[in-house]
Amino acid sequence: MQDNRYDVIVVGAGFAGLACARELASGGFRVCVIDRKHDLGERLHTTGVLVKEACESPLLDGLPAALVRAVPHIRLYAPNLRSVRLGAKDYRFYTTDTPALMRWMGEQARAAGIDLRLGRAFRDAVRTARGWHVPGIGHARFLVGADGARSRVAERMGLGRARQFLYGVEHEFDGVALREPDALHCFLSKRFAPGYLGWVAQTPTGVQAGLAVRHHAGTRSPPDIEGFLRHVAPMTGLPGGRRPDSIRAGLIPCGGPVQPWQRDGVLLAGDAAGMVSPLSAGGIHAGLRHGATIGRMLAHRLQDDAMPMPPATPAVPAFAFKRMLRWAFDHAQFDAPVNLLLTARPMRRMVEQLCFHRRGGPMPDPERAD
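Predicted model, so just to flag it, every value in this text is computed and none were measured.

How would you sum up the sheet that holds strand β3 (residues 50-51)? Please name residues and give values.
Here we have 3 strands laid out as an open sheet, ordered β3-β7-β4, and antiparallel in their pairing. Only two strands of the sheet have a single neighbouring strand rather than two, namely β3 and β4 (68-71). Sheet analysis places β4 next to strand β7 (residues 93-96), joined by 4 bridges and oriented antiparallel. Residue pairing in the sheet places V71 in a bridge with F93 of β7.

Below you can see the structure in the form of structure tokens.
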């Protein structure tokens, strides 16, 4: 009979959950990761666009080159489709074959000795004298909820829950090439993307195009991605009328860290903890960092029973400036000023700070659409 006692059970085999598990496994601790999906490449809620820092994470060490594509520039479009091309020396974004990336990460987790159980949904956990019992899975000293924006662990265990969201939808087109494949095309438009933006990017297998909008409780109408794609087709070269080969959609938390994020040996990580940029909705790098931090914190705690759990959130990205910009997106987004100010230095500097950590600048524009 298989021993079902672990040091930590992690719910959710996404970036944060697997980063947490890998940190623990590298310290010799017994870790079980469960996920309701039978295939880590199915029903994805992430674009899979990686910043340079995410690719440098130990979790992605050895990532096959065929799964990523370097994108060195951003082309930022105003609502009237005028644009400016931005970039930074030695800085790259990376698009991915996201389903294949998630499957590869699962294989790496198993190779590291992690007990990865797919097709196992978390329903509840029972407090025991030495930790937690997850029915059908086993016993563990600690339980980590890395199960996304609508975390069931947070709900069942009485922890903080995300309350503010963007709603994103993305279409994938296999075998399609953009007119300008070395740029991440970002579109500001209150008409199509109120509260956020639209994007189009070349991937290792084709093109991904998406929209995210501010989500309001009770809203039923999805983003008009078909209208958006028709609108931007002249700028991107996307073929009109083609049906997507795959679609993904879901909620993205944008309210910042939740409170409380841990209690009685249960901790939240990644999207479940609100570790997503309030403005850019970038959650992969933050999830990797936060998950690894939680893993290291638990490893220290498991090594020393006398060590108390820290009372506050461990090191996370600073979100104050981005929260201010999130408020502006929600309450003061107008197309006319963006049309006028897109190429102005203050607008460029704001984008550079957000995307390139102040290292960016205007780039030579071979097609000069502005």
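Lay out the confidence of the model for the protein in plain terms, naming residues and giving numbers.
With 85% of its residues at a pLDDT of 70 or more, the protein has an overall mean of 85. At the level of individual helices and strands, the protein shows its lowest average pLDDT in strand β19 (residues 360-362), which scores 44, and its highest in strand β2 (residues 31-35), which scores 98. Predicted confidence is poor over residues 358-364, with pLDDT under 50, and the contacts of this stretch with residues over four places away or in other chains come to 25 contacts.

Can you break down the side chain of D7 residue by residue, with the values?
Within the secondary structure, D7 sits in strand β1 (residues 5-11). Within the structure, the side chain of D7 is placed 2.7 Å from the backbone nitrogen of R30, a separation counted as a polar contact.

Give a detailed account of helix α1 (residues 15-26), specifying residues and quantitative values.
The terminal C-alpha atoms of α1, which comprises 12 residues, lie 16 Å apart, in line with the 16 Å expected from a rise of 1.5 Å per residue. Most of α1 is tucked away, with 9 of its 12 residues classed as buried. Of the residues making up α1, those classed as buried are F15, A16, G17, L18, A19, C20, A21, L24 and A25. The secondary structure elements touched by the buried residues of α1 are β1, β2, α3 (98-111), β11 (138-145) and α6 (284-303). Downstream of α1 by one or two residues, G28 has phi in the positive range, about 90 degrees.

Just give me the short version of helix α5 (residues 225-236), but keep the residues and values in it.
Residues I225, G227, F228, L229, V232, A233, M235 and T236 constitute the buried set of α5. Where α5 is buried, its residues contact β5 (73-77), β12 (165-174), β13 (183-187), β14 (198-202) and β15 (206-215). At the C-terminal side of α5, G237 shows a positive phi close to 85 degrees.

Provide a residue-level description of the packing of aromatic side chains, including the pertinent values.
Enumeration over the complete set of coordinates arrives at 5 aromatic pairs. Summarising the aromatic geometry, the rings of F187 and F228 are spaced 5.5 Å apart at their centres and angled 85 degrees between planes, so their arrangement reads as edge-to-face. One end of the pair, F187, is in strand β13; the other, F228, is in helix α5, with 41 residues separating them in the sequence. A single burial state applies to F187 and to F228, both of which are buried. Ring geometry for F192 against F228: centres 6.2 Å apart, planes inclined by 65 degrees, an arrangement best described as edge-to-face. Here F192, found in the loop between β13 and β14, pairs with F228, found in helix α5; they are 36 residues apart in sequence, far enough to count as distant. Looking at F192, the relative accessible area reads 4%, which means it is buried. By way of ring pairs, the aromatic residues Y77, F187, F192 and F228 are connected into one cluster.

Hey, could you go over the packing of α1 against α6 for me, with residue numbers and the actual values?
Orientation of α1 relative to α6, taken along the N-to-C sense of each, is 35 degrees, at an axis distance of 7 Å. When you trace α1 past α6, the crossing you get is right-handed. Contact residues: α1 offers F15, A16, A19, C20, E23 and L24, while α6 offers I284, G287, L288, G291, A292, I294, G295, R296, L298, A299 and L302. Here the residues of the contact of α1 with α6 are counted per class, giving 12 nonpolar, 3 polar and 2 charged.

Calculation notes
Numbering of residues begins from 1 in every chain and follows the order in which that chain's sequence is written. The model is predicted, so local features are restricted to residues of pLDDT at least 70 and side-chain atom pairs to those at 80 or more, both for listing and for counting; the totals for chains, interfaces and linings are taken over all residues. Excluding hydrogens and water, the side-chain figures rest on all heavy atoms present in the structure. Here a strand pair is declared whenever DSSP counts at least two bridges between the two strands. Labels follow the DSSP assignment, with helices taken as runs of H or I lasting at least four residues and strands as runs of E lasting at least two, numbered in each case from the N terminus. Across the chain, each position has a pLDDT score giving the predictor's confidence in that residue, from 0 to 100. Contacts are residue-level and defined by heavy atoms, with any inter-residue pair within 4.5 Å sufficient. Whenever two N or O atoms come within 3.5 Å, that pair is a polar contact, provided that in protein one can donate a hydrogen and the other can accept it, and provided that, for residues adjacent in sequence, both atoms are side-chain atoms. Helix span, expected: 1.5 Å multiplied by one less than the number of residues in the helix. Relative accessibility decides the category of a residue: with a 1.4 Å probe and only protein chains considered, values under 20% of the type maximum give buried, values over 50% give exposed, and everything between is partly exposed. Pairs were defined over the aromatic rings of Phe, Tyr and Trp, the Trp ring being its six-membered one, requiring ring centres within 6.5 Å. Orientation was assigned from the angle between planes: stacked under 30 degrees, edge-to-face over 60, tilted for the rest. Here the axes come from fitting lines to C-alpha atoms, over the contacting stretch only for helices, and the angles between their N-to-C directions go from 0 to 180 degrees. Helix crossings are classified by the rotation of the near helix relative to the far one: an anticlockwise turn of less than a right angle makes the crossing left-handed, while a clockwise turn makes it right-handed. Three classes are used, and their members are as follows: Ala, Val, Leu, Ile, Met, Phe, Trp, Tyr, Cys and Pro are nonpolar, Asp, Glu, Lys and Arg are charged, and the others, Gly among them, are polar.

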